[in-house]
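Understanding the architecture of this molecule
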Amino acid sequence: MSKIKLAIFISGKGSNALNIIKYFEKDDTVEVALVLSNKTDAQGLENAQELRVNTVVFNNETFKKSGEIDTYLSSLGIDFIVLAGFLRQIPADLVYSFKNRIINIHPSLLPKFGGKGMFGKRVHKAVLDSDETESGISIHYVSNEYDEGKIIFQKSIAIEKGETVNSLTAKIQDLEHAFLPIIIEKTIRHEFNA
Ligand code: GRF
């Protein structure tokens, strides 16, 4: 039987992508078939290549063109897409053809601190500026609105006295690394209700 194929989209460091690749490396039923980026210099591309995962770089214009990425992913037999630090909006045709098959990780407790322009340290700064007592991660399906698709999983952590953007960034990344691969696995094996 052929494996379930994942494609991971990244724009930067790609630590989550690397973590996901390693998690499924020896799996008999799931494989990371491809890492895609809109940035030629995304560090994560090199890391993926070192683990012998194919990589593709596309430009933002190609990405927006109706059907191109969609056709490409379908030709490779990709079953699920994971957005791990990918900073572009997914075109509507791709959302449509991969309905409930595109998963995003967001570094806050959505619906708080999501939406256009809310990524990376900006999210953590906004959380701290708002005197929140907790933050966390949200793993959700992708819809046509930024960060608004159905939530699959959330995990929270307390914000400590003296918390800084850097300390919160580190804690959130630890949560992402601990949970994202497991939640992807449960989702693609339909262990959650879609
Ligand atoms: C993560 O915090 C993710 O939630 C956010 O971007 C960061 C990506 O980190 N959207 P990395 O590129 O996987 O290291």
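Structural data are supplied above this passage.
Now for a look at the structure at hand. For every chain, the first residue of its written sequence is number 1, and the numbers climb from 1 along that sequence. The model is predicted, so local features are restricted to residues of pLDDT at least 70 and side-chain atom pairs to those at 80 or more, both for listing and for counting; the totals for chains, interfaces and linings are taken over all residues. Working from all heavy atoms in the structure, the side-chain values ignore hydrogens and water.

With that settled, consider unusual backbone geometry. Comment: phi is negative for the bulk of residues other than glycine, and the bulk of peptide bonds are trans. The omega angle of the peptide bond from Leu 110 to Pro 111 is 10°, so this bond is cis rather than trans. Under the scheme used here, helices are H or I runs from DSSP no shorter than 4 residues and strands are E runs no shorter than 2 residues, and both carry numbers assigned from the N terminus. Its location among the elements puts Pro 111 in the loop between strand S5 (102-106) and helix H6 (120-129). Notably, Arg 52 is not glycine yet its phi reads approximately 60°, a positive angle. Residues other than glycine seldom take positive phi values, yet Phe 113 does so here, at roughly 60°. Position of Phe 113 relative to the elements: it lies in the loop between S5 and H6.

Our next topic: the pattern of salt bridges. By salt bridge we mean one thing: a side-chain nitrogen of Lys or Arg within 4 Å of a carboxyl oxygen of Asp or Glu. Within this structure, the stated rule accounts for seven salt bridges. Note that Lys 64 and Glu 61 form a salt bridge whose closest N and O atoms lie 3.6 Å from each other. One end of the pair is Lys 64 and the other is Glu 61, both in helix H3 (residues 60-64) and three residues apart, which spans about a single turn. Residue Lys 64 shares its accessibility class with Glu 61, and that shared class is exposed. Note that Glu 132 is salt-bridged to Lys 112, the shortest N-O span being 3.0 Å. Residue Glu 132 is located in the loop between H6 and strand S6 (134-141), and its partner Lys 112 is located in the loop between S5 and H6; the two are separated by 20 residues in the primary sequence. Several salt bridges share partner residues, and in doing so they unite Asp 27, Glu 185 and Arg 189 into one network. Throughout, exposure labels follow a simple rule: accessible area from a 1.4 Å probe, protein chains only, divided by the maximum for the residue type, with under 20% read as buried, over 50% as exposed, and the rest as partly exposed.

To continue, consider the nonpolar core. Buried together is how nonpolar side chains tend to be arranged in soluble globular proteins. Put simply, buried Ala, Val, Leu, Ile, Met, Phe, Trp, Tyr and Cys residues joined by side-chain atoms within 4.5 Å make one nonpolar core. Counting residues in hydrophobic clusters, the biggest one holds 38 residues, and the most contacted among them are Leu 6, Ile 8, Ile 20, Val 32, Val 35, Ile 139 and Ile 184. No other element matches helix H7 (residues 165-188), which puts seven residues into this core. The criterion used for residue contact is that any of the two residues' heavy atoms lie within 4.5 Å. Leaving out residues up to four positions away in the same chain, Val 32 has contacts with Leu 6, Ile 8, Ile 20, Ile 21, Phe 24 and Val 53. In terms of nonpolar packing, the next biggest core, distinct from the first, is built from 20 residues, Ala 7, Ile 78, Ile 90 and Ile 102 among them.

Take it as geometry only, folks, not as evidence of what the structure does.
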